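Chain by chain, the residues run as shown.
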Amino acid sequence: MPASISAGFKENNMLFDTHAHYDDERFDEDRDALLASMPENNVGLILNPGCDAETSRKAVSYANRYPFVYAAVGLHPENIEDGWTQALDEIRTLAQSEPRVRAIGEIGLDYYWEKEERARARQQVVFARQMELARELKLPVIVHDRDAHADCMEITRRYPDVIGVYHCYAGHIEMARELLERGYYLSFTGVITFKNAKKAIEVIREVPIERLMVETDSPYMAPEPFRGRRNSSLYIYRMAEKIAEIKGMPVEDVERITTENGRRLFGIV
């Protein structure tokens, strides 16, 4: 492991990467070795969300192999295909039968790529169905919201008894305040280390540390100074460092509290 990475870790601080996609093909060559190395590199917990039935099964398989990995299962808005009701049945079965499944996700809306109103409407239906599943099974949700803030919030409001996390939070401060009132957490990726992250920094400055979580969204969005590389949980410490800088807190406190927040939301003792 390069010294430039290992130098960022603090002894006896075990971080929680609350969102990483180790099912991605970019990990095919070294997935097992990389995951096996996490505890010795002070990454104590990882939550791997699914994006469709296949990746949800893979997430469960990693969680059953590594004691520090947990899974979420769900249908990402970009992965909604004909026959999605059958895929949702499999998501339900996994969530009910696998004890290491701790959330329904990654679910939500993505209008960045999808411009057609009929397809957007289908995303909304599938999002709502999965919110209903989370309510039924008493599981938190992991929400993906890209360029769909108003519709995401409208659906979120329909389910006041469901809580979760808006991952890779990109909304404005007023939306963040409402989500906090509804019991949600906000999670941030390496984007907060980029020079143009002014809106995210404003949100982090205001949101109580007890409602923040950190994530890599691996293999995407590696933080500075690793931008452009394949991301992994080895870089999660950079998000904690940046939040500590923004809030004027010791980084050790940010690491500890964000890990406690993730444990609380996902029911990890």
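Everything here concerns the structure above.
The notes below deal with the structure included here. Remember, predicted model here, so these are calculated numbers, not experimental data.

## Describing the overall build of the protein chain
Part 1: For the protein chain, the count of helices and strands is ten helices and eight strands.
Part 2: Taking 2.2 N^0.38 as the reference for a compact globule, 269 residues should give roughly 18 Å; the C-alpha atoms of the protein chain span a radius of gyration of 17 Å, in line with that estimate.
Part 3: Taken along its principal axes, the extent of the C-alpha atoms in the protein chain is 50 × 40 × 35 Å.
Part 4: Considering only intrachain contacts with a sequence separation of at least 6, the fraction spanning at least 24 residues in the protein chain is 71%.
Part 5: Counting 35 positive and 45 negative side-chain charges, the protein chain places the centres of these two groups 3 Å from one another.

## Some points on the layout of surface pockets
Part 1: Of the volumes computed, that of the largest pocket is approximately 940 Å³.
Part 2: Along the walls of the largest pocket sit 37 residues, with His 144, Arg 146, Cys 168, Asp 217 and Met 221 positioned nearest its centre.
Part 3: For the lining of the largest pocket, the secondary-structure elements that each account for two or more residues are strand E4 (101-110), strand E5 (141-146) and helix H8 (198-206).
Part 4: If one sorts the elements of the lining of the largest pocket by residue count, H8 sits on top with four residues.
Part 5: The residue inventory of the lining of the largest pocket, partitioned by class, reads 14 nonpolar, eleven polar and twelve charged.
Part 6: When its volume is computed, the second largest pocket comes out at roughly 180 Å³.
Part 7: Asp 52, Ala 53, Leu 75, Asn 79, Glu 81, Asp 82, Gly 83, Trp 84, Gln 86, Ala 87 and Glu 90 are the residues that line the second largest pocket.

How each quantity is defined
Residues numbered from 1 in each chain as written. Predicted model: local features only at pLDDT ≥ 70, side-chain atom pairs only at ≥ 80, totals over all residues. Heavy atoms only, no water. Helix = DSSP H or I, 4+ residues; strand = E, 2+ residues; numbered from the N terminus. Rg over C-alpha atoms; globule rule 2.2 N^0.38 Å. Contact = heavy atoms within 4.5 Å. Lys, Arg positive; Asp, Glu negative; His and termini not counted. Charge placed at Lys NZ, Arg CZ, Asp CG, Glu CD. 1 Å grid on protein atoms, 1.4 Å probe; cavity = no way out; pocket = protein on both sides within 12 Å on 5 of 7 lines; lining within 4 Å. Points joined across faces, edges and corners; volume = space filled by probe spheres on them. Nonpolar A, V, L, I, M, F, W, Y, C, P; charged D, E, K, R; others polar.

The quantities given are spatial measurements derived from coordinates; they are silent on function.
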